[in-house]
Amino acid sequence: MGTQGTRDTQDSNEGRTGITRGRRAVLGAAVLGAGGAVLGLPAAARAADKHGNGTYNGGYKSLPKPTIIGHRGASGYRPEHTLGSYQLALDMGAHIIEAGDLVPTKDGHLVCRHEPEIGGTTDVSAHPEFADRKVTKVLDGVSTTGWFTEDFTLAELKTLRAKERVPANRPHNTLYDGRWEIPTFEEVLRWREEQSGKLGRQVWIYPELKHPTYFRKLGLGLEERVTKVLRRHGLDKKNSPVILQSFEPTSIQRMNKLVGNPLAVLLSAANTRPWDFVETGDPRTVADLVKPAGLKWIASYAQGIGPTLDLIIPKDASGNLTTPTTLVRDAHDAGLILHPYTMRNENPFLPADFRRGTGADAYGDAFGAFATYFATGIDGVFTDNPDTGLLAREDFLKKN
């Protein structure tokens with residue numbers, strides 16, 4: 001999937017066999033969640049706490065720490081990047097919702113899909129009228145076969161319905177297959193405004209610009225389109241409740257010239273290069289960018305970084321956590337916040353020392369893993385399971 005697909009590196013074939021029905025009670029709490037009153041969730045996670053005033057209206061620095069970011073919504077419980085997933089994350093009390101991995105349609109609209117290839121996240125394969133749209137393309141150097149958003153008009157995409165992307169790990173989520181359509185960025189911003197009014201505070205979102213270099217070559221530049229939509233809603237300011245992110249540093253540099261929003265550079269594995277660097281001949285790797293000089297360079301145009309958790313605490317050959325790196329300290333010294341990704345409850349996605357049993361859909365010791373990462377001083381974390389993250393956060397704050 002290239003450097004920009006690495007949030008799902010652990011979503012490979014690892015752990016897709018031996019499925020069990022063993023789930024912790026947290027899932028039941030998630031299904032019952034509504035209006036922030038999730039079963040067992042402390043009120044402090046839904047309102048003010050010692051690290052925030054509960055309204056988060058003073059820009060990104062007013063967000064509580066550690067910040068719990070609903071990764072593609074509450075994607076541990078609902079098909080990702082749907083209004084159902086976003087709403088559940090908000091109901092659970094997530095401080096920010098990653099509402100929107102943004103990709104364009106053929107007619108230039110922005111829609112929310114994790115990747116432009118939608119075979120795994122929609123029912124497009126069940127639509128015979130689109131059978132001839134299945135093609136093979138080279139996406140950031142990787143040959144990818146499927147159906148791509150840029151080959152569909154918005155009207156055509158609206159005939160599709162979302163489905164669970166990793167059913168082997170999340171069979172319960174398949175109950176919701178077909179319930180929600182693909183949301184547009186415009187619809188997400190209207191949803192955000194509506195929910196902000198209901199809650200009496202700004203709802204924060206964290207959209208990602210996907211594969212900017214790829215789409216610019218197709219004449220579908222993302223930065224200008226994102227800017228136009230944000231400006232239409234008055235959300236392009238310094239204190240706007242919208243943080244923008246991308247795996248391509250040059251895309252964030254471009255956004256820095258277009259909007260006032262807080263910006264974050266996503267960082268994949270240390271030995272990888274951002275695809276825009278590959279295209280422009282920039283020899284630097286992520287390992288170079290996480291050094292003090294690289295972080296200082298990022299801080300010249302962005303406010304934060306989104307590193308993979310392995311850049312915070314590497315794993316050994318067996319998948320167990322080792323000693324934390326100096327990245328948290330070095331980034332803070334450069335004036336950057338850190339929102340690493342991605343915490344998930346299921347065994348295959350956890351460090352080996354926090355797995356329990358062998359079930360591919362069984363939960364491991366997610367609370368223990370959260371506590372270990374929080375202890376490094378990170379400012380927040382992306383998680384598919386916001387309720388678990390919030391409970392873990394409360395445990396952490398009680399002890400610190």
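Residues numbered from 1 in each chain as written. Predicted model: local features only at pLDDT ≥ 70, side-chain atom pairs only at ≥ 80, totals over all residues. Heavy atoms only, no water.

### Considering the overall build of the protein
From N to C terminus, the protein includes 14 helices and 13 strands. Across the protein, the fraction of contacts at a sequence separation of at least 24, relative to all contacts at a separation of at least 6, is 70%. Summed over all atoms, the accessible surface of the protein reaches about 14,800 Å², with 53% contributed by carbon and sulfur. (Helix = DSSP H or I, 4+ residues; strand = E, 2+ residues; numbered from the N terminus. Contact = heavy atoms within 4.5 Å. Areas by Shrake-Rupley, 256 points an atom, 1.4 Å probe, with all protein chains shown as cover.)

### Considerations on the packing of helix H13 (residues 366-374) against helix H14 (residues 386-399)
At a closest axis distance of 9 Å, the pairing of H13 and H14 adopts a crossing angle of 55°. One finds that H13 runs oblique with respect to H14. Taken as a pair, H13 and H14 cross one another with a handedness that is right-handed. Taken together, the residues of H14 that come into contact with H13 (itself represented by Ala366, Phe367, Phe370 and Phe374) are Thr388, Gly389, Leu391, Ala392, Arg393, Asp395 and Phe396. Looking at the contact of H13 with H14 residue by residue, the class counts come to seven nonpolar, two polar and two charged. (Axes fitted to C-alpha atoms, helices over the stretch in contact; angles between N-to-C directions. Parallel < 35°, antiparallel > 145°, perpendicular 65-115°, else oblique. Left-handed = near helix turned anticlockwise from the far one by under 90°. Nonpolar A, V, L, I, M, F, W, Y, C, P; charged D, E, K, R; others polar.)

### Some details on the pairing of strand S10 (residues 263-267)
In terms of residue burial, S10 counts as a mostly covered element, since five of its five residues are buried. Alternating residues of S10 divide into Leu263, Val265 and Leu267 and Ala264 and Leu266, and every residue in both groups is buried. Relative to S10, strand S9 (residues 244-246) runs parallel, the two being bridged by three bridges. In the sheet register, Ser246 faces S10, and the bridge partner there is Val265. A crossover links S9 with its parallel partner S10, the connecting element being helix H7 (residues 249-258), and its sense is right-handed. Bridge count for S10 against strand S11 (residues 304-307) is four bridges, and the pairing is parallel. Bridge assignment links Leu266 to a residue of S11, and that residue is Gly306. (Buried < 20%, exposed > 50% of the residue type's maximum accessible area, 1.4 Å probe, protein only. Pairing = 2+ DSSP bridges. Right-handed = clockwise from strand over helix to strand, strands pointing away.)

### What about the nonpolar core?
One finds Phe185, Val226, Leu244, Ile305 and Met343 to be the most contacted residues of the largest nonpolar core, which totals 84 residues. Among residues more than four places away in sequence, those in contact with Met343 are Leu309, Leu350, Ala366, Ala369, Phe370, Tyr373, Val381, Phe382, Thr383, Asp384 and Asn385. Counting residues in each nonpolar core, the second largest holds 14 residues, with Tyr56, Trp204, Phe247 and Tyr341 among its members. (Core = buried A, V, L, I, M, F, W, Y, C linked by side-chain atoms within 4.5 Å.)

### Details of the pattern of salt bridges
One pass over the structure, following the stated rule, counts 28 salt bridges. Asp330 is paired through a salt bridge with Arg329; the nearest N and O atoms lie 3.6 Å apart. What emerges from the salt-bridge pattern is a single network uniting Arg170, Arg344, Glu346 and Asp384. (Salt bridge = Lys/Arg side-chain N within 4 Å of Asp/Glu carboxyl O.)

### Some words on the side chain of Ser251
With respect to the helices and strands, Ser251 occurs in helix H7. The class of Ser251 is buried, set by a relative accessible area of 1%. Sequence-distant contacts of Ser251, that is, excluding residues within four places in its chain, are made with Leu209, Pro212, Glu223, Ser246 and Asp276.

### So, the confidence of the model for the protein
Looking at the protein, pLDDT values average 90 and 86% of them are 70 or higher. A low-confidence stretch, residues 1-6 stays under pLDDT 50, and its non-local contacts, those more than four residues away or across chains, total 25 contacts. Segment residues 9-53 is flagged for pLDDT under 50; beyond a separation of four residues in sequence, or across chains, it makes 104 contacts in the model. (pLDDT = per-residue confidence, 0-100.)

### A short note on unusual backbone geometry
Looking along the chain, the bond that leaves Lys65 and enters Pro66 is cis, with omega of -10°. Structurally, Pro66 is set in the loop between helix H1 (25-32) and strand S1 (67-70). Cis rather than trans, the peptide bond between Tyr341 and Thr342 has omega equal to -15°. Backbone geometry at Asp140 places phi at a positive 50°, although glycine is not the residue there. Here Asp140 lies in the loop between strand S5 (135-139) and strand S6 (142-146).

### Comments concerning the sheet that holds S1
The strand order across the open sheet formed by four strands is S7-S2-S1-S13, and the pairing between neighbours is parallel. Each having just a single partner strand, strand S7 (204-205) and strand S13 (380-383) make up the two edges of the open sheet. The sheet contact formed by S1 and S13 spans four bridges and is parallel. When the sheet's bridge partners are listed, Ile69 is paired in S13 with Phe382.

### Let's talk about the packing of aromatic side chains
Across all of its chains, the model carries ten aromatic pairs by this definition. Each ring, one from Phe277 and one from Trp297, has its centre 6.2 Å from the other, and the planes form 55°; the classification is tilted. Highlighted residues: Phe277 in helix H8 (residues 275-280) and Trp297 in helix H10 (residues 292-299), separated in sequence by 20 residues. What makes Trp297 partly exposed here is its relative accessible area of 22%. Here the aromatic rings of Trp297 and Tyr301 are separated by 5.1 Å at their centres, their planes lie at 75°, and the arrangement is edge-to-face. Connected via pairs of aromatic rings, a cluster forms that spans Phe277, Trp297 and Tyr301. In this structure, Arg78 packs its charged tip against the face of Tyr176, placed 4.1 Å from the ring centre. Between the NZ or CZ atom of Arg284 and the centre of the ring of Trp297, over which it lies, the distance is 4.0 Å. (Phe/Tyr/Trp six-rings, centres within 6.5 Å; stacked < 30°, edge-to-face > 60°. Lys NZ or Arg CZ within 6 Å of the ring centre and 35° of its normal.)

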